[in-house]
Amino acid sequence: MVGSELDALRNKFSGCRALAFADLSTKMILITDSDSNLRREALDALCGEATVLFGAKGKPALGERQSNAACVASPSAFRAFVRAADEPNDVLCCICDPKVDAAAFVTEARACVDRISRGA
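Residues numbered from 1 in each chain as written. Predicted model: local features only at pLDDT ≥ 70, side-chain atom pairs only at ≥ 80, totals over all residues. Heavy atoms only, no water.

Colleague: Got a minute to help me understand the environment of Asp97 in this structure?
Modeller: Tracing the backbone through its elements, the reader meets Asp97 in the loop between strand E5 (90-96) and helix H3 (102-118). Linking Asp97 and Ala18, residues 79 residues apart in sequence, is a C-alpha distance of 9.9 Å. If we ignore the near neighbours within four places in the chain, the residues touching Asp97 are Ser14, Gly15, Arg17 and Phe78. At 2.7 Å, the side chain of Asp97 and the side chain of Arg17 are in polar contact. (Helix = DSSP H or I, 4+ residues; strand = E, 2+ residues; numbered from the N terminus. Contact = heavy atoms within 4.5 Å. Polar contact = N/O pair within 3.5 Å; in protein donor to acceptor, adjacent residues only side chain to side chain.)

Colleague: Whenever I open this one, the packing of aromatic side chains confuses me. Can you help?
Modeller: How two aromatic rings sit relative to each other is set out by the distance from centre to centre and by the angle between their planes. Per the stated rule, a full pass over the model turns up one aromatic pair. The interplanar angle of 80 degrees and the centroid separation of 5.1 Å between the aromatic rings of Phe13 and Phe105 together place this pair among those described as edge-to-face. Here Phe13 is found in the loop between helix H1 (2-12) and strand E1 (16-23), whereas its partner Phe105 is found in helix H3, with 92 residues between them in sequence. Phe13 sits in the buried class, given a relative accessible area of 10%. (Phe/Tyr/Trp six-rings, centres within 6.5 Å; stacked < 30°, edge-to-face > 60°. Buried < 20%, exposed > 50% of the residue type's maximum accessible area, 1.4 Å probe, protein only.)

Colleague: Looking at this structure, how should I read helix H2 (residues 40-54)?
Modeller: An α-helical turn contains 3.6 residues, so a residue and the one three or four places further along point in the same direction. Counted at 1.5 Å a residue, the expected span for H2 with its 15 residues is 21 Å, and the 21 Å between its end C-alpha atoms agrees. All of the buried residues in H2 are Leu43, Leu46, Cys47, Ala50, Thr51, Leu53 and Phe54. On its buried side, H2 packs onto E1, strand E2 (28-34), strand E3 (69-73), strand E4 (78-83) and E5. Positive phi appears at Gly55, one or two residues downstream of H2, with a value of about 80 degrees. (Expected span 1.5 Å × (residues − 1).)

Colleague: In this structure, what is going on with the sheet that holds E5? I would like to understand it.
Modeller: Pairing is antiparallel across the open sheet formed by five strands, whose spatial order is E2-E1-E5-E4-E3. Sheet topology places E2 and E3 at the edges, where each strand pairs with a single neighbour. Taking the axes of each pair of neighbouring strands and ignoring which way they run, one obtains an average angle of 15 degrees across the sheet. Of the pairings in the sheet, the one linking E1 to E5 comprises seven bridges and is antiparallel in character. Across the sheet, the residue bridging to Phe21 is Leu92, located in E5. Relative to the sheet, H1 contacts E1, E2 and E5, its axis offset from that of E2 by approximately 50 degrees. Seen against the sheet, H2 touches E1, E2, E3, E4 and E5 and runs at an angle of roughly 60 degrees to E4. (Pairing = 2+ DSSP bridges. Axes fitted to C-alpha atoms, helices over the stretch in contact; angles between N-to-C directions.)

Here's what the structure looks like:
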C-alpha cells in the first residue's frame with residue numbers, strides 16, 4: 001500500500017526524483033521510492049533535515065511555530081517535507097527537479113502522506 005502510494009505520486013510528477021516516508025520519532029526512513037540509488041547517508045541526511053525543520057522528541061522545530069510543510073529550493077533541486085495531519089511523526093521527504101510545479105506537488109504530497117498515515 002505505501003509503495004503504491006509513493007509510486008503514484010512519483011509517476012504523477014515527472015520531476016520527482018525520490019520520495020522517502022519517515023518516522024520522526026525514530027528518525028528513520030521507513031520506505032523509499034526513487035529513480036536512482038540513494039545512499040543510506042543521503043537518506044539519513046534527508047530524515048535529519050526533516051527533524052530539524054519539524055522538531056522531534058522534545059526538540060523544537062525550526063521557526064517560531066510548528067508547521068506541516070517545509071520546502072527548500074536550490075538551483076539543482078527542490079526538497080519538500082510534508083507532515084501527516086493526524087500523526088506528527090509521519091513525514092514524506094521529497095526530492096524533485098527545481099522546475100517541478102511546487103504548489104501542485106506539495107498539495108499532492110500532503111494528500112499522499114495523509115493516506116499513508118491513516119493506512120487508507
